[in-house]
Every structure is written in structure tokens, then in C-alpha cells.
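Structural features, examined
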Amino acid sequence: METSEGSCATSPLTERDGELWAKPPISAQLPVRFDNGTEFASIEGYCAKCDGAIIDADLRGTVTRLLPAVACVEAVGVCRSCRMLTRFYWRLHDDFRLTGPTRDGWGEWLPKQSMFSRVSRVLRSLLGA
Ligand SMILES: [Zn+2]
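Attention in this report is confined to the structure presented alongside it. Note that the structure is a prediction, hence the values are computed from the model and not measured.

Once that is clear, we can look at the overall build of the protein. Scanning the protein from N- to C-terminus turns up three helices and nine strands. Ordered by position from N to C terminus, the α and β elements of the protein give α-α-β-β-β-β-β-β-β-β-β-α. Looking at the protein as a whole, 21% of its 129 residues qualify as buried. When contacts within the protein are restricted to residue pairs at least 6 apart in sequence, long-range pairs at least 24 apart make up 52% of them.

Ordered by their spatial adjacency, five strands build an open sheet running β5-β6-β7-β8-β9, and the pairing between neighbours is antiparallel. In the strand order of this sheet, the two ends are held by β5 (59-67) and β9 (105-109), each with one partner. Ignoring which end each strand starts from, the neighbouring axes of this sheet average 25 degrees apart. Sheet analysis places β5 next to strand β6 (residues 70-78), joined by eight bridges and oriented antiparallel. Bridge pairing links Leu 59 to Gly 77 in β6.

Further remarks concern the pairing of strand β8 (residues 98-102). Looking at chain direction, strand β7 (residues 85-93) and β8 are connected through two bridges and run antiparallel. Within the sheet, the bridge partner assigned to Leu 92 lies in β8 and is Leu 98. Judged from the five bridges that link them, β8 and β9 form a sheet pairing that is antiparallel. When the sheet's bridge partners are listed, Gly 100 is paired in β9 with Gly 107. Linkage of β8 to β9, two consecutive antiparallel strands, is achieved through a turn of two residues.

With that settled, consider the environment of Ala 71. Summarising the element assignment, Ala 71 is placed in strand β6. Under the C-beta neighbour-count criterion, Ala 71 is labelled buried, with 20 such atoms within 10 Å. Measuring from C-alpha to C-alpha, the distance between Ala 71 and Trp 90 comes to 8.4 Å, with 19 residues separating the pair along the chain.

On to the environment of Pro 101, then. Here Pro 101 lies in strand β8. Sequence-distant contacts of Pro 101, defined by excluding residues within four places in its chain, comprise Tyr 89 and Trp 106.

The rules behind each value
Residues numbered from 1 in each chain as written. Predicted model: local features only at pLDDT ≥ 70, side-chain atom pairs only at ≥ 80, totals over all residues. Helix = DSSP H or I, 4+ residues; strand = E, 2+ residues; numbered from the N terminus. Buried ≥ 20, exposed ≤ 12 C-beta atoms within 10 Å, placed from the backbone. Contact = placed C-beta atoms within 7 Å. Pairing = 2+ DSSP bridges. Axes fitted to C-alpha atoms, helices over the stretch in contact; angles between N-to-C directions.

Have a look at this one:
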């Protein structure tokens, strides 16, 4: 259970980091589905140092529903190549936007996944499902 601690040794951990790291992987808490049919099936985190993708099992934290149309993801991810801990805070919106704090203020992204979800949703509605 505590083996993960060693991989974080290069980055001083806060108490909150430890709490989030003790949670299940974010991938295990997906998909997030909204009443209007929008679905976030996967979320990718990238290392703040090397920009490499953090694998699902190493991106852990909480997914909470703030409002019917907004969910919040708070997570920490550990990069396997540089062993850096990166903190994530995202809000998922039912119009496929992903927002959160960045170095330059509040940011907004459209995740790659959204296109696929959008297409599959259109196909489903075309099929009358
Ligand atoms: Zn890295």
C-alpha cells in the first residue's frame, strides 16, 4: 500500500497529495455521465516536468458532482520517467468543456475524447437509441 511513497520522494508531498494518492485511479471513477447525454469516458494527465502522459493507474484522486451540469476532478499524478508529482484540478462541463486553473489563470480545453463522444452520441440519436 505504501510502496507509492518512494516514487514521490523527489517532490515534497502535502497532506492533501497523500489523501488524493490514497484514492482510486480516476479512470476507475469514469465515465462521468451528465443528464444531457454528455459522457467523459477518459481523462489524460500530463507530467508538469516532461509533458509525458501519466498512465491511468498513476492518476488518482476524487471525482465529485458539484452541480447537475458540472463535475469536479481533483487528482495527483506521478510520472514514471521523472518521478515528479503533478497536481490536477479540472471541472467537467456537460457541454464537453474541461476547465481549470493554469499558470495563466483559468483555462479551458476541449478534450480529444469529446469529439468521439459527440460523434457516438449523434450516431446513437440517428439510430433512434
Ligand atoms: Zn515526467
